[in-house]
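Breakdown of the fold
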Amino acid sequence: IFRDISEQHRYENALDGINTAARDLLHAETDAEIAQIVVDVATDVLETAGSIVYLYDDHAGELFPAASSDSIEEILGEIPRISPGDGIPWRVFVDEKQTRFDDVRSADGVYSPGTPVRSELLVPLGEHGVFLVCDTETGIFDDFTEEIAETLATTAEAALDRAKRAQTLREQERESQLQAEQLDRVNQLNEEIRTVMQALMRTRSREAITQQLCDSLVSLDRFT
């Protein structure tokens, strides 16, 4: 009696890849690092033509390709940025709804109707962007692929949330340090002004006052 356990092995290998990614994502400090880890893992465990991590650019108000697999770059060439309302990735980002296409050419709002990409799976990354997996064959994705992609995207979203909180904390610490430095400079300047004023108050003649003022100013570090 034989039992086919290839799907079980496939699932176990995919989970091992995601667990490895989760450990790597714990040490990733930037969005770019996180995006690259997601793409690398997707390439290893999903066995598709390629993947892209689109992240949202706050300043430009667009989705930009933060990381992509080498194979997808060979298929698409230059990967475009996605402007508001421009293409399916933007719709998935706004609606935060996972979407799968057996043939994306027939989908409404496809970015390029003649795209070489046929199968496409898009998973939102919360406020951060969209994880896109694609292939040049139609109907290539199954429930297994969708489940693994969703799990990977959920792990990536948590890592992006953590990175954002860490970035916010670093910015707050830098702001506090700048404010402390400014306060130190103000206190130092006030002390220097008091020193100059005390020296001038001890001087009686006009000539001595002007000379004392010049001598006092050049004695300060900020003047030559």
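Computed from a predicted model, the values in this text were never measured in an experiment.

As for the nonpolar core
Within the largest apolar cluster, 32 residues are counted, with the highest numbers of intra-cluster contacts made by I34, L46, V53, L125, F131, I148 and L152. Contributions of two or more residues to this core are made by α1 (6-27), α2 (31-45), β1 (50-57), β4 (119-124), β5 (129-135) and α5 (143-201). If we skip the residues at most four places from it in the chain, L125 touches V53, Y54, V130, F131, A153, A156, E157 and L160.

Thoughts on the pairing of β1
Along β1, six of the eight residues are buried, which leaves the element largely enclosed by surrounding structure. Sheet analysis places β1 next to β5, joined by six bridges and oriented antiparallel. Of the residues in β5, the one forming a bridge with L55 is G129. Note that β1 and strand β2 (residues 62-68) share six bridges and pair antiparallel.

A look at the layout of surface pockets
Estimates place the volume of the largest pocket at around 420 Å³. Forming the boundary of the largest pocket are 18 residues, of which D31, Y56, D58, H128 and K164 lie nearest the centre. Only β1 and α5 provide two or more residues apiece to the lining of the largest pocket. Looking at side-chain class alone, the lining of the largest pocket contains five nonpolar, five polar and eight charged residues. Roughly 300 Å³ of volume is contained in the second largest pocket.

A few points about empty space enclosed by the protein
Taken as a whole, this structure holds one cavity of 30 Å³ or more when the rule is applied. As a volume, the largest cavity reaches approximately 30 Å³. The wall of the largest cavity is formed by I34, A35, V38, V53, L125, F131, A156 and L160. Only α2 and α5 provide two or more residues apiece to the lining of the largest cavity.

Quick notes on the packing of α5 against helix α6 (residues 206-218)
It is the contact of α5 with α6, at a shortest axis distance of 9 Å, that shows an interaxial angle of 155 degrees. Taken as axis vectors, α5 and α6 run roughly antiparallel relative to one another. Handedness of the crossing formed by α5 with α6: right-handed. For the pair formed by α5 and α6, the contact residues are V196, A199 and L200 on the first element and I209, Q212, L213 and S216 on the second.

Topic: α2
In this model α2 runs 21 Å from its N-terminal to its C-terminal C-alpha over 15 residues, within 8% of the 21 Å that 1.5 Å per residue would give. Within α2, burial applies to I34, A35, I37, V38, V39, V41, A42 and V45. The first or second residue beyond α2 is E47, which carries a positive phi of 55 degrees.

Concerning the packing of aromatic side chains
In total, this model carries three aromatic pairs according to the counting rule given. Plain terms: the ring middles of Y56 and W90 are 6.2 Å apart, the flat faces sit at 50 degrees to each other, and that makes the pair tilted. Taken together, the residues Y56 in strand β1 and W90 in helix α4 (residues 88-95) connect sequence positions 34 residues apart. Owing to a relative accessible area of 29%, Y56 belongs among the partly exposed residues under this scheme. According to the relative accessible area criterion, W90 is buried, its value standing at 13%. Centre to centre, the rings of Y56 and F93 are 5.3 Å apart; their planes meet at 25 degrees, and the pair counts as stacked. With Y56 in strand β1 and F93 in helix α4, this pair connects stretches of sequence that are 37 residues apart. The rings of Y56, W90 and F93 are connected pair by pair, giving a single aromatic cluster.

Details of the pairing of β4
Side-chain direction in a regular strand flips from residue to residue, so the side chains alternate between the two faces of the sheet. In terms of burial, β4 is largely enclosed, as six of its six residues are buried. Residues of β4 alternate between two faces, with S119, L121 and V123 on one and E120, L122 and P124 on the opposite face, all of them buried. Pairing of strand β3 (residues 99-101) with β4, which is carried by three bridges, proceeds in the antiparallel orientation. Note on β4: the bridge partner recorded for T99 is L122. Examined bridge by bridge, β4 and β5 share six bridges and lie antiparallel to one another. If you follow E120 over to β5, its bridge partner there is C134. If you look at the hairpin formed by β4 and β5, you'll find four residues sitting between the two strands, and G126 has a positive phi there, around 65 degrees.

What counts as what
Residues numbered from 1 in each chain as written. Predicted model: local features only at pLDDT ≥ 70, side-chain atom pairs only at ≥ 80, totals over all residues. Heavy atoms only, no water. Core = buried A, V, L, I, M, F, W, Y, C linked by side-chain atoms within 4.5 Å. Buried < 20%, exposed > 50% of the residue type's maximum accessible area, 1.4 Å probe, protein only. Helix = DSSP H or I, 4+ residues; strand = E, 2+ residues; numbered from the N terminus. Contact = heavy atoms within 4.5 Å. Pairing = 2+ DSSP bridges. 1 Å grid on protein atoms, 1.4 Å probe; cavity = no way out; pocket = protein on both sides within 12 Å on 5 of 7 lines; lining within 4 Å. Points joined across faces, edges and corners; volume = space filled by probe spheres on them. Nonpolar A, V, L, I, M, F, W, Y, C, P; charged D, E, K, R; others polar. Axes fitted to C-alpha atoms, helices over the stretch in contact; angles between N-to-C directions. Parallel < 35°, antiparallel > 145°, perpendicular 65-115°, else oblique. Left-handed = near helix turned anticlockwise from the far one by under 90°. Expected span 1.5 Å × (residues − 1). Phe/Tyr/Trp six-rings, centres within 6.5 Å; stacked < 30°, edge-to-face > 60°.

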